[in-house]
Amino acid sequence: MVVTPTRPLLAAAALQRIGRPQEDPVLLLEAALRAVQALMEERGPRMWRRCWIDQPYQREERELIRTELLPPLIRSLKELAEIDLLLIRRQPLQRSLRVEWRRAEQLQGLLDGLGCGGVERGG
């Protein structure tokens, strides 16, 4: 069975306004993980041919991939999913702050336009 980490709101990530899904390195890692896991399941005991070396991966090399490479990759993707969830939870607050900032700027513009001077900005 192929085991991949769950990504919160993956559909929302695919609809993101910043870039395209094929530009997302995390989605690339997830796709690579799924591909390697699928190869391991479908190939069984057969060797994996590599295009740049003469010696194909045999059972020993595949077992190293399974035990040494895949677990840290899965852990990394789970940690990235946690970071994604944190960012997703922050989005409503950030959107709300941006909306309120725009409203304040619009109000300031109206007050300036009316010659009222508005509220002094400063820090």
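Please read all numbers here as calculations on a predicted model, not as lab measurements.

A. Region of interest: the side chain of aspartate 24. Mapped onto the fold, aspartate 24 is located in the loop between helix H1 (10–14) and helix H2 (25–43). Exposure remark for aspartate 24: the relative accessible area of 13% places this residue in the buried category. At a separation of 2.8 Å, a polar atom in the side chain of aspartate 24 contacts the main-chain amide nitrogen of valine 26.

B. Main features of the nonpolar core. Counting nine residues, the largest nonpolar core is built from Val26, Leu33, Met40, Trp48, Ile65, Leu70, Leu73, Ile74 and Leu77. Mapped onto this core, the elements with two or more residues apiece are H2 and helix H3 (59–113). Broken down by element, the residue count for this core peaks at five residues, all from H3.

C. Fine view of the environment of tyrosine 57. Its location among the elements puts tyrosine 57 in the loop between H2 and H3. Note: C-alpha distance between tyrosine 57 and methionine 47 (10 residues apart in sequence) is 5.6 Å. Excluding residues that lie within four positions of it along the chain, tyrosine 57 makes contacts with Met47, Trp48, Arg50, Arg62 and Ile65.

D. Expanded view of the pattern of salt bridges. Considering all chains together, one arrives at two salt bridges under this definition. One salt bridge in this structure joins glutamate 63 and arginine 66, with 3.6 Å as the shortest N-O distance. In this pair, glutamate 63 and arginine 66 both sit in helix H3, three residues apart, roughly one turn of the helix. Across the salt bridge formed by glutamate 100 and arginine 103, the nearest N and O atoms sit 2.7 Å from each other. Of this pair, glutamate 100 and arginine 103 are both found in helix H3, three residues apart, which corresponds to roughly one turn of the helix. With relative accessibility at 49%, the residue arginine 103 sits in the partly exposed group.

E. Just the confidence of the model for the protein chain, in detail. Model confidence for the protein chain is summarised by a mean pLDDT of 76, while 73% of its residues fall at 70 or above. Mean pLDDT values for the elements of the protein chain range from 50 in H1 up to 85 in H3. A low-confidence stretch, residues 1–6 stays under pLDDT 50, and its non-local contacts, those more than four residues away or across chains, total 15 contacts.

Calculation notes
Residues numbered from 1 in each chain as written. Predicted model: local features only at pLDDT ≥ 70, side-chain atom pairs only at ≥ 80, totals over all residues. Heavy atoms only, no water. Helix = DSSP H or I, 4+ residues; strand = E, 2+ residues; numbered from the N terminus. Buried < 20%, exposed > 50% of the residue type's maximum accessible area, 1.4 Å probe, protein only. Polar contact = N/O pair within 3.5 Å; in protein donor to acceptor, adjacent residues only side chain to side chain. Core = buried A, V, L, I, M, F, W, Y, C linked by side-chain atoms within 4.5 Å. Contact = heavy atoms within 4.5 Å. Salt bridge = Lys/Arg side-chain N within 4 Å of Asp/Glu carboxyl O. pLDDT = per-residue confidence, 0-100.

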